[in-house]
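Topology and contacts: notes
Residue-level listing of the chains:
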Amino acid sequence: MSTVTFEQIFNASPDVQASAPGRVNLLGEHTDYNDGFVLPTAIPQQTTVYLGSSPNPQHHIYSQELSEQVSLSANDPIPQGFSSYVIGCIRTLEKQGFSIPPLNVFVTSSVPIGSGLSSSAALEVAMLRALRSRFNLNIDDVQIAQFGQYAEQNFAQVQCGIMDQMASSLADSEHLLFLDTRTLDRELLPFPTGTKFLVIDSGIPRTLAGSGYNQRRAECEEAAKLLSVSALRDVEDVSAIASLPRPLKERARHVITENNRVLEARQGVSAERFGQLMNASHASLRDDYAVSIEGLDTLVALLQETPGIFGARLTGAGFGGACVALVDSNAQIKTAIADVLTRYQKAGYQGKILVDRA
Ligand code: ADP
Ligand code: MG
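Definitions and limits used
- Residues numbered from 1 in each chain as written.
- Chains lettered and ligands numbered in written order.
- Predicted model: local features only at pLDDT ≥ 70, side-chain atom pairs only at ≥ 80, totals over all residues.
- Heavy atoms only, no water.
- Pairing = 2+ DSSP bridges.
- Helix = DSSP H or I, 4+ residues; strand = E, 2+ residues; numbered from the N terminus.
- Axes fitted to C-alpha atoms, helices over the stretch in contact; angles between N-to-C directions.
- Near = heavy atom within 4 Å.
- Polar contact = N/O pair within 3.5 Å; in protein donor to acceptor, adjacent residues only side chain to side chain.
- Nonpolar A, V, L, I, M, F, W, Y, C, P; charged D, E, K, R; others polar.
- Buried < 20%, exposed > 50% of the residue type's maximum accessible area, 1.4 Å probe, protein only.
- Disulfide = S-S within 2.5 Å.
- Domains from an automatic or database assignment.
- Contact = heavy atoms within 4.5 Å.
- Buried area = accessible area lost by both parts, 1.4 Å probe.
- Salt bridge = Lys/Arg side-chain N within 4 Å of Asp/Glu carboxyl O.
- Lys, Arg positive; Asp, Glu negative; His and termini not counted.

If you trace the 4 strands from one edge of the open sheet to the other, you get E9-E10-E8-E11, paired in antiparallel fashion. In the strand order of this sheet, the two ends are held by strand E9 (309-315) and strand E11 (352-357), each with one partner. Averaged over all pairs of adjacent strands, the angle between strand axes in this sheet comes to 20°, irrespective of strand direction. Two elements, strand E8 (residues 195-201) and E11, share 5 bridges in a ladder whose sense is antiparallel.

So, on to the site of ligand 1. With respect to spatial proximity, 18 residues lie near ligand 1, and among them Ser-63, Glu-65, Gly-114, Ser-119 and Ser-120 are the closest. Arg-206 has a polar side-chain atom sitting 3.2 Å from an oxygen atom of ligand 1. Sorting the residues of the shell around ligand 1 by element identifies strand E5 (103-109) and helix H3 (119-135) as the ones contributing at least two each. The element that contributes the greatest number of residues to the shell around ligand 1 is H3, accounting for 3 residues. Among the residues making up the shell around ligand 1, the classes are represented as 8 nonpolar, 8 polar and 2 charged.

Below, the discussion takes up the environment of Val-291. Note on placement: Val-291 falls in the loop between helix H8 (271-287) and helix H9 (294-304). Note on Val-291: relative accessible area 0%, which makes it buried. Each C-alpha atom of the pair Val-291 and Leu-26 lies 16 Å from the other, and the pair is 265 residues apart in sequence.

Another point: the state of the cysteines. Following the criterion strictly, the structure yields 0 disulfides and no others. The thiol sulfur of Cys-220 is not disulfide-bonded, and the nearest other cysteine sulfur, from Cys-160, lies at 16 Å. The buried category is assigned to Cys-220, whose relative accessible area is 1%.

What follows concerns the domain arrangement of the protein chain. Here the protein chain is described as being made up of domain 1 (6-189) and domain 2 (195-356). Here the C-alpha centroids of domain 1 and domain 2 sit 26 Å apart. Taken together, the contacts link 35 residues of domain 1 with 39 residues of domain 2. Note on domain 1 versus domain 2: buried area summed over both sides is about 3000 Å², and carbon and sulfur give 62% of it. When the buried area of domain 1 at its contact with domain 2 is split by residue, Leu-27, Glu-29 and His-30 rank highest and sum to 22% of it. Put simply, domain 1 and domain 2 have 4 salt bridges between them. The partner of Arg-313 in a salt bridge is Glu-29, and the shortest N-O contact between them spans 2.8 Å. Put simply, domain 1 and domain 2 have 22 residue pairs in polar contact (both at pLDDT 80 or more) between them. For the side of domain 1 that touches domain 2, the elements supplying multiple residues, two or more each, are strand E1 (16-27), strand E2 (37-53), strand E6 (175-180) and strand E7 (186-190).

Before going further, it helps to examine the side chain of Glu-152. Looking at the element boundaries, Glu-152 is found in helix H4 (residues 141-154). Notably, Glu-152 is buried but unbridged: the nearest opposite-charge side chain belongs to Arg-206, and the N-O separation is 8.6 Å. Beyond its immediate chain neighbours, meaning those up to four positions away, Glu-152 contacts Tyr-85, Ser-120, Ala-121, Glu-124, Gln-157, Val-158, Cys-160 and Gln-165.

Our next topic: the pairing of strand E3 (residues 58-63). Counting buried residues along E3, 5 of its 6 residues qualify, which places the element largely inside the surrounding structure. Summarising the sheet, E3 and strand E4 (residues 68-73) pair through 6 bridges and their orientation is antiparallel. Residue Ile-61 lies in a different strand from E4, and its bridge partner there is Val-70. Alignment of E3 against E5, held across 4 bridges, turns out to be parallel. Each residue of the ladder has a partner; that of Ser-63, found in E5, is Val-107.

And the structure:
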């Protein structure tokens, strides 16, 4: 990637800039499309969007990371690819009645792209924040998250839940964001005392993630229908699912137990207990939800047996991507983590530390 600036690409200075972070989810996986509970935090890495006026009737959108520029007039069909997230934000605001003139847009980011740390939501939230600031739009942080989700679903054609955009718009990296994805009730909570988090990329691309995700969504809808509830969030007691056929029973059991784990963690639990909840979450994602794969299980097992780590699990949709661990902030675990990565490599994989949050 060659580093360039807005000025070099557009021969002018930007009018505004705005940033938004990526996120990692500590607990509450595959619960957001079931109207359930999640517990993400923002990561230190951010996406920044710079905006200026376009000198002609087209929008011009440049990504530093992709070294790619897309130009588009107001009524052009939206091409697939990164510009759909950016144009999607503009078109979403236009649908809300705001009028947005042709723009030069420059995107740059330190959020790893496609690793499950939500570079897509960071891009949407940064873009919407930049538009809010440039045009003094009267929209709040929750609307920013909702418009970002609308843009991703309707213009980038990704059926995402609301967690990613809410985390990027409302979380910070010092706190956990407890979020009820049905009511959008939320609360910033402290991390368990004496802990920090670590995110490691499994090095395995999420090839099956799209189809697996859609299938799980459909299974959850089917299970909710059979249980006569509007979403699995409405089932609190696992004994209610006894009559469901396989694999709907297992899918529902994951969602119900995962929601209960988030609700327990929300009460404020010790680092040890939080770690146990993360380990139980991984086992549930592996055994009941069937979204883990061998490489993720290997990496998680290596992390879980490391002294100084309270718990670890896959994070994101699964089928590849990243793992998150809750770590004792006083423990010297640099060498132990290097050892985990060496042993992971011996098992045939290439892991990498993405976030080491002190
Ligand atoms: P994740 O959100 O987990 O990183 P996604 O597949 O949801 O993965 O989103 C990644 C997509 O978002 C990229 O393929 C690209 O289209 C877009 N994107 C995110 N960040 C950038 C960026 N800095 N420059 C261009 N496109 C980006
Ligand atoms: Mg995404």
